Amino acid sequence: MPTHIVAKMGDIADVVLLPGDPLRAKFIAENLLTDAVQYNSVRNMLGYTGIYRGNRISVQGTGMGAPSISIYANELFNEFGVRRAIRVGTAGTIQPYIKIRDLVIAMAASTDSGINNIRFGGRDYAPTATFTLLKSAYEIASAKGWKPFAGPIVSSDMFYTENPDEWKLWAKFGCLAIEMECAELYTLAAKYNREALGILTISDSLIDKTATTPEERETAFTRMIEIALETAIS
Ligand code: HPA
């Protein structure tokens, strides 16, 4: 019996968009889906199912960080049979050529989280996106002229790190951006043999400490959702 998503079997589509912020789930449902019905409100972690271009799609808030997305992804995959999950979120750039508002498609997710360390008993698992989804998202964004970056990212457990230069090590090893959820989503998708992808917009820069304005975030967010919805039904 799922405890964090209280819905009936069949209430959730087999394709789900996953924003961290539940109010973004509400925004997507109300503005980009038709006939949206809310199926979850437990802990205000809102979830909706509606129609996008004739396809049934759900959108579920996950909260921030690996432990939170772990709960929702586990229930979606294991209890509700979700087949395809696409995270839509924000990330901080750690490469000078990637600027705020840019789009990053997360090919692989390294992490400083303890979760996979515990899960794999100290062995080093490599959480990876589903190739076909990555390819679709890249092609859809490119066709719209939005020049996405596709590459490895970092899923960190801490937004406020003790060492302010910690990101530099990840940058040196080719990671493009830092967020907090993809590694756990990718690992769970692999465990349950499902599809997963993270599509991210850059909201801030760890290099020069700049950040997007609310208006810029809104525009970049809408663009990312458009790509995610098209990828979801591809
Ligand atoms: N760090 C971690 N997660 C994030 C960041 C960041 O700088 N920006 C957006 N999500």
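Scroll up a little and you will see the structure.
Report follows, based on the coordinates. Quick caveat, the model's predicted, so the values are computed rather than measured.

## Things to note about the overall build of the protein chain
Thought 1: For the protein chain, the count of helices and strands is 7 helices and 9 strands.
Thought 2: Computed over C-alpha atoms, the radius of gyration of the protein chain comes to 17 Å, within 12% of the 17 Å expected from 2.2 N^0.38 for 234 residues, which places it in the range of a compact globule.
Thought 3: The dimensions of the protein chain, computed from C-alpha atoms along their principal axes, are 45 × 45 × 30 Å.
Thought 4: Looking at the protein chain as a whole, 50% of its 234 residues qualify as buried.
Thought 5: Residue pairs at least 24 apart in sequence account for 77% of intrachain contacts in the protein chain once pairs closer than 6 positions are excluded.
Thought 6: Carbon and sulfur atoms form 55% of the exposed surface of the protein chain, whose accessible area is close to 11000 Å².
Thought 7: For the protein chain, the separation between the mean place of its 23 positive charges and that of its 26 negative charges on side chains is 4 Å.

## A word on helix α2 (residues 66-79)
Thought 1: For α2, built from 14 residues, the straight-helix expectation of 20 Å at 1.5 Å per residue is met to within 8% by its first-to-last C-alpha distance of 19 Å.
Thought 2: Turning to α2, its buried residues are A66, S68, I69, S70, Y72, A73, E75, L76 and F77.
Thought 3: Where α2 is buried, its residues contact β1 (15-19), β4 (55-60), β5 (84-93), α3 (115-119) and α6 (182-191).
Thought 4: A positive phi of about 65° marks G81, the residue just after α2.

## Focus: the packing of helix α4 (residues 131-143) against helix α7 (residues 214-232)
Thought 1: Here α4 crosses α7 at 130°, and the two axes come no closer than 9 Å. Taken as axis vectors, α4 and α7 run oblique relative to one another. Relative to α7, the crossing made by α4 is right-handed. On α7, the residues touching L133, S136, A137, I140 and A141 of α4 are I227, E230 and T231.
Thought 2: Split by residue class, the contact of α4 with α7 holds 5 nonpolar, 2 polar and 1 charged.

## Re the site of the ligand
Thought 1: In the vicinity of the ligand, the residues found are T90, A91, G92, F159, I178, E179, M180, S203, D204 and L206.
Thought 2: Interatomic distance of 3.3 Å between a backbone N/O atom of G92 and a nitrogen atom of the ligand.
Thought 3: At 2.7 Å, a side-chain N or O of D204 approaches a nitrogen atom of the ligand.
Thought 4: Here the ligand is seated within the largest pocket.
Thought 5: At the level of secondary structure, the elements contributing two or more residues to the shell around the ligand comprise β5, β8 (177-179) and β9 (195-205).
Thought 6: Taken together, the residues of the shell around the ligand sort by class into 5 nonpolar, 3 polar and 2 charged.

## Details of unusual backbone geometry
Thought 1: Unlike most non-glycine residues, N44 shows phi in positive territory, near 60°.
Thought 2: Here N44 shows up in the loop between β2 (34-40) and β3 (47-52).
Thought 3: Looking at N44, the relative accessible area reads 56%, which means it is exposed.
Thought 4: The phi dihedral of K209 is positive, around 65°, even though this residue is not glycine.
Thought 5: By the secondary structure assignment, K209 is in the loop between β9 and α7.
Thought 6: Owing to a relative accessible area of 63%, K209 belongs among the exposed residues under this scheme.

What counts as what
Residues numbered from 1 in each chain as written. Predicted model: local features only at pLDDT ≥ 70, side-chain atom pairs only at ≥ 80, totals over all residues. Heavy atoms only, no water. Helix = DSSP H or I, 4+ residues; strand = E, 2+ residues; numbered from the N terminus. Rg over C-alpha atoms; globule rule 2.2 N^0.38 Å. Buried < 20%, exposed > 50% of the residue type's maximum accessible area, 1.4 Å probe, protein only. Contact = heavy atoms within 4.5 Å. Areas by Shrake-Rupley, 256 points an atom, 1.4 Å probe, with all protein chains shown as cover. Lys, Arg positive; Asp, Glu negative; His and termini not counted. Charge placed at Lys NZ, Arg CZ, Asp CG, Glu CD. Expected span 1.5 Å × (residues − 1). Axes fitted to C-alpha atoms, helices over the stretch in contact; angles between N-to-C directions. Parallel < 35°, antiparallel > 145°, perpendicular 65-115°, else oblique. Left-handed = near helix turned anticlockwise from the far one by under 90°. Nonpolar A, V, L, I, M, F, W, Y, C, P; charged D, E, K, R; others polar. Near = heavy atom within 4 Å. Polar contact = N/O pair within 3.5 Å; in protein donor to acceptor, adjacent residues only side chain to side chain. 1 Å grid on protein atoms, 1.4 Å probe; cavity = no way out; pocket = protein on both sides within 12 Å on 5 of 7 lines; lining within 4 Å. Sits in = over half its atoms within 2 Å of the grid points.

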